[in-house]
Amino acid sequence: MVADVIVGVLFWLLGILTVLAGIAVFVVDSMARATYALAVSFVAVGAIVLLLHQDYIGVVTILMMVMEMAVMAVYMVMYMGMNPALMPMSMVHSKRAALVTAVASFVLLGSGALLVPWPARKGAPPADVTAALGEALMGSKMLVMVVISPVMVATIVAGVVLAAGRGRYDRLGDDLRRKPADDPQPGGVGR
Amino acid sequence: MSDLAGTDAVVAVAGYWAVPAAALVGALAFLTASLHAMSGSAVSGRGRLAAATVLVREVARLLRQRRRRTVAADVLLWRFATAGLVPLALLKVTVIPFGRWTLFDSPVGVVWFNAMDVGVWALVWLAGWGPNAVHSLVGGYRFLAQAVGYELPLMFALVAPPIAAGSLRVGEVSAAQDGLWFVVWMPVAFGVYCVGVVAFSVWGPFSVAVGSDLAGGVLAESSGVDRLLFLAGRYLLLVAGAGFAVPMFLGGGAGPILAGWVWVLVKTMLLLAAFVAVGHRVPSLRPDKFVEAAWVVLLPLAVAQDMVVAVVAVGRT
Amino acid sequence: MGLSDLLSRAAASRAHVLVVATPRAFTTRVALERALLGRGWVQAESPADADVLAVCGHEHTALTEELEAVWDAMPGPRVRVDVADPKAVPAVLDRAAEQLLATDQHVHDAQRRGPVTRHMDHGDMDHGDMDMAPAGIPLAEGAEDRDGLEMDVLHLSLGPVLPHWPPGLVLHCTLHGDVATEVQVELVGEPTTGYDAADTRDSVGVVAARSCDAVVSVLALAGWPVGEAVARRARDACLDGNLRDAAQHLTRLRRRVVRSWLLRWMLRGIGRLDHAGVQESGAAQQVAGDVYDRLVALIDRAGQGLRGEASAAGNSADLVAALPALLAGSELASLRLAVASLDLGSALARLEAADV
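All figures in this text were calculated on a predicted structure; none of them were measured in a lab. (Residues numbered from 1 in each chain as written. Chains lettered and ligands numbered in written order. Predicted model: local features only at pLDDT ≥ 70, side-chain atom pairs only at ≥ 80, totals over all residues. Heavy atoms only, no water.)

1. Describing the pairing of strand E6 (residues 150-158) of chain C
Where strand E5 (residues 142-144) of chain C meets E6 of chain C, three bridges bridge the pair, whose relative direction is antiparallel. The partner of Glu144 of chain C across the bridge, within E6 of chain C, is Glu150 of chain C. (Pairing = 2+ DSSP bridges. Helix = DSSP H or I, 4+ residues; strand = E, 2+ residues; numbered from the N terminus.)

Structural data, given as structure tokens:
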């Protein structure tokens, strides 16, 4: 009983923290603060998922989101050319439309979550939730997943290669034989 | 006699044990820092007593020193970052079994450990951003460049023991090293893991974020309690990393005669001594050179190791 | 108040000293470093890390402003001492230790300081820009760096108070991100009153010690504690006049440096200063190769110096004049390594000796 109460209180606290941190993203003046307010919001969501006994998903959410926010902070500062980190500057656009859409979707989804007649649970959760989740998600399609993952990585790499301003011929010369490669910032392995 | 080889599962203990656990980890961090300072001062030939108390005196000095603020610094983020390494390291330690006992018997303990060390990315960058100073900022960005290099090989190395043990629970990984420790047939994973630990502790060859070529880097503008917390956090992370290697690769509490928790301590301390030696003897690894080596050499090695482990695991069932 | 007394004494027994190297004070500075390491004290990396500000050499009115700025940047408790010559070092350090213990004075000093405000020069700033200048500092402009990305332009002055930095050198760098695209050289801090005659005499030991000192700087900046320790021992042996020991230490140092493949890997290709335009200047020969090559050359030059062989030192004035062209385009940490490997301390000393 006590455990339930604690879980309940934690759930509400984390929920409120998530929403407040989300609001903070748009209210603070600094890019770095906005990014890390978003990180706090995501970590709180990950913690809520942990409370729901979905351990793997919760911890992986926290892991991925913190790493993403760390990288995103770099890009945010890089692309916002007016030093927004130091300037009190309004970073929201088309305020009214955005606010209306946000409130409307919140009301829609919230009322859905509250008013839909959810079925009662039959049976107990399986002993190993992570394994059961894995089976349910992938199950017989494991081979497809294994093949798709390298294809996705290859697509990302290909996209970056296509977007890069300098190709093999710029680096290695017309006969692809220049040693060492002509890079403005050479790497450590001497490729 | 409690030889833990593959028999008992790990038992979760009550929450109030967190305090003595934190004290133990703090003591280990203190010992590591003392060892580091002592082997450094071996050069100057000071007396033994002076060498042994060097860390107490350094802590006293930092406690006595005033804190600083710089112009237009983001004080909230700065203080949060310098103070944040300590709780992060303590959170990591909660999943490490100390003999038979653990504070947090999570079914995904390995992933929890990894999630916490990703927090270091955020904190070190924030510590560089906060002071609004050139050297700190460059230090923070250098850490991120280096982090991009070590993180993926570390993650793949951390995957290998769970594949062999069939579980992400740290206690089960520890118990699955029945007779043959993982370090013996997964040496590459162990090596890459150690590189990862030294790197996320901003230690030794990976301390470019606080390097002398940047006048102290991230710590260039920190003083007093903030500096102390950041430096303490580094050592605590090192202890957490060394401690985690024990159930993952070094057989947990397994060993003859002595109790399980004694063996955990012994193995952790041996690994910490190795890390301190590495800190003295290995020159700093610059991120621009390290990143390419990490992606082109370490990562394929780690993935190949995972493949070998997976084949063996499938073959065993 | 026994506990706070104990704390103060423990704290003062491990002071961090920010050593200000000034021209014509090489032997003083080295003596100071040896003494403070011998006491178990530590060399500070930045003003924030320092308890004691130790200015070597005689009066330097040219450095007053910079020293004031560094003094302001130090958090309390702080002590400032001047070290005139090597013989004064032990007494000065004892006095610094005593002053660190005077807690009342430090509390008074702290109360007097209050929050530090920068002098905001509003005079020449257009007031229309005021809303774009938080805390009175104008926002950085952008400019392209070598990869074509727009990076903020920052103006950073390196030196004259910087650990492992040639004395009296100030580099005004224009940084695009962390790459220094433009570098301007300024030489400051010539002593106004007398200087240590021993430094101008420059005996065999001192010349070799200067080269070893450059090696210490490079290895310290490269983050190699073991190597730095061996180089320090070699430098101290050179200065002690014990030439046989010094030669032994140097051979040991050379063996270590040559055997360390990691060090070679890290320093390879860093600080390669042979751009077009440098070839014609008289400095080409001195700046050949990358940091690693110059490091080994420094050790060799120290060995030659000990044996009394004259080494082709090259024209120092040319080297200093060629610095802007040499260092433009280097990343900040590479710039530090490159400057350390060029042994500008010796070059500037030769310039001073020529002036005398």
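2. Observations regarding the nonpolar core
Residue and element names in this part refer to chain B. Trp125, Tyr150, Met186, Tyr193, Phe244, Phe249 and Phe275 are the most contacted members of the largest nonpolar core, which has 104 residues in total. With 16 residues, the single largest contributor to this core is helix H5 (residues 109-129). Setting aside its immediate chain neighbours within four residues, Met186 contacts Ala160, Pro161, Ala164, Phe249, Gln305 and Val309. (Core = buried A, V, L, I, M, F, W, Y, C linked by side-chain atoms within 4.5 Å. Buried < 20%, exposed > 50% of the residue type's maximum accessible area, 1.4 Å probe, protein only. Contact = heavy atoms within 4.5 Å.)

3. Some words on the interface of chain C and chain B
Listed as interface residues are 59 residues of chain C and, on the opposing side, 40 residues of chain B. Interface area for chain C against chain B, summed over the two sides, is near 4,200 Å², with a carbon-plus-sulfur share of 59%. Of all residues in chain C, the largest losses of buried area upon contact with chain B belong to Arg14, Glu45 and Met266 of chain C, amounting jointly to 14% of the total for that side. Our enumeration of links across chain C and chain B arrives at five salt bridges. In this structure, Glu58 of chain B and Arg14 of chain C form a salt bridge, with 2.6 Å as the shortest nitrogen-oxygen distance. At the boundary of chain C and chain B, one finds 21 residue pairs in polar contact (both at pLDDT 80 or more). For the side of chain C that touches chain B, the class distribution of residues is 35 nonpolar, 12 polar and 12 charged. (Buried area = accessible area lost by both parts, 1.4 Å probe. Salt bridge = Lys/Arg side-chain N within 4 Å of Asp/Glu carboxyl O. Polar contact = N/O pair within 3.5 Å; in protein donor to acceptor, adjacent residues only side chain to side chain. Nonpolar A, V, L, I, M, F, W, Y, C, P; charged D, E, K, R; others polar.)

4. Overview of the environment of Tyr56 of chain A
Here Tyr56 of chain A lies in helix H3 (residues 55-79). The class of Tyr56 of chain A is partly exposed, set by a relative accessible area of 34%. Note: C-alpha distance between Tyr56 of chain A and Asp174 of chain A (118 residues apart in sequence) is 50 Å. If sequence neighbours within four positions are ignored, Tyr56 of chain A has contacts with Thr130 of chain A together with Val108, Val111 and Leu168 of chain B.

5. Regarding the confidence of the model for chain C
Residue and element names in this part refer to chain C. Confidence along chain C averages 81 in pLDDT terms, with 80% of residues attaining 70 or more. In the model, residues 118-131 has pLDDT below 50 throughout and makes 11 contacts with residues more than four positions away in sequence or in other chains. Every residue in residues 194-199 scores below 50 in pLDDT, and together they form 16 contacts with partners more than four places removed in sequence or on other chains. For this predicted complex, the interface score ipTM comes out at 0.90, while the overall pTM is 0.90. (pLDDT = per-residue confidence, 0-100.)

6. Structural notes on a nonpolar patch on the surface
All names here are of chain A. Judged by side-chain polarity, Met1, Val2, Val5, Ile6, Val9, Leu10 and Leu13 come together as a nonpolar surface patch covering roughly 720 Å² of accessible area. Mapped onto the elements, Val2 comes out in helix H1 (residues 2-27). Accessibility expressed as a relative area gives 62% for Val2, which makes it exposed. (Patch = residues over 30% accessible without salt bridge, like charges linked within 9 Å, V, L, I, M, F, W, Y side chains within 5 Å. Areas by Shrake-Rupley, 256 points an atom, 1.4 Å probe, with all protein chains shown as cover.)

7. What about the interface of chain A and chain B?
Often the size quoted for an interface is simply the accessible area lost on bringing the parts together. At the junction of the two partners, chain A supplies 27 residues and chain B supplies 27 residues. A salt bridge links Asp74 of chain B to Arg33 of chain A; its shortest N-O distance comes to 2.5 Å. Viewed at the interface, chain B and chain A are joined by one residue pair in polar contact (both at pLDDT 80 or more). At 12 residues, H3 of chain A tops the list of elements feeding residues into the side of chain A that touches chain B. Split into classes, the residues belonging to the side of chain A that touches chain B amount to 18 nonpolar, six polar and three charged.

8. Notes on a positive patch on the surface
On the surface, Arg281 of chain B together with Arg233, Arg252, Arg255, Arg256 and Arg259 of chain C cluster together into a positively charged patch. Tallying contributions element by element places helix H9 (residues 243-259) of chain C first for the positive patch, with four residues. Along the chain, the position of Arg255 of chain C falls in helix H9. (Lys, Arg positive; Asp, Glu negative; His and termini not counted. Charge placed at Lys NZ, Arg CZ, Asp CG, Glu CD.)

9. Quick notes on the packing of aromatic side chains
Residues and elements named next belong to chain B. All told, the structure shown has 15 aromatic pairs over all chains when counted by the stated rule. With centroids separated by 5.2 Å and ring planes inclined at 85°, the aromatic side chains of Phe104 and Trp112 adopt a geometry described as edge-to-face. Judged by centre distance (6.1 Å) and plane angle (65°), the rings of Phe113 and Phe200 are edge-to-face. One end of the pair, Phe113, is in helix H5; the other, Phe200, is in helix H9 (residues 187-200), with 87 residues separating them in the sequence. Looking at Phe113, the relative accessible area reads 0%, which means it is buried. A relative accessible area of 0% places Phe200 in the buried class. Chaining the aromatic ring pairs together yields one cluster made of Phe113, Phe190, Tyr193, Phe200, Phe244 and Phe249. Positioned above the aromatic ring of Trp78, the side-chain terminus of Arg79 is 4.9 Å from the ring centre. For Lys92, the ring lying beneath its charged end belongs to Phe200, and the centroid distance is 3.6 Å. (Phe/Tyr/Trp six-rings, centres within 6.5 Å; stacked < 30°, edge-to-face > 60°. Lys NZ or Arg CZ within 6 Å of the ring centre and 35° of its normal.)

10. Remarks on the sheet that holds strand E3 (residues 52-56) of chain C
Residues and elements named next belong to chain C. One open sheet accounts for four strands, arranged E2-E1-E3-E4; its pairing is parallel. Each edge of the sheet is formed by a strand with only one pairing partner; in this case those strands are strand E2 (42-43) and strand E4 (79-83). Direction of pairing for E3 relative to E4: parallel, over a ladder of five bridges. Note that in E4 the partner of Ala54 across the bridge is Val81.

11. Description of the sheet that holds E5 of chain C
Strand pairs in the sheet, formed through backbone hydrogen bonds, run parallel or antiparallel to each other. Residues and elements named next belong to chain C. Strand order in the open sheet formed by five strands is E5-E6-E7-E8-E9, and the pairing between neighbours is antiparallel. If you trace the sheet from one side to the other, it starts and ends with E5 and strand E9 (330-331), each paired once. As defined by bridge partners, strand E7 (residues 169-176) adjoins strand E8 (residues 179-187) across eight bridges and the pair is classed as antiparallel. Residue Cys173 lies in a different strand from E8, and its bridge partner there is Val183.

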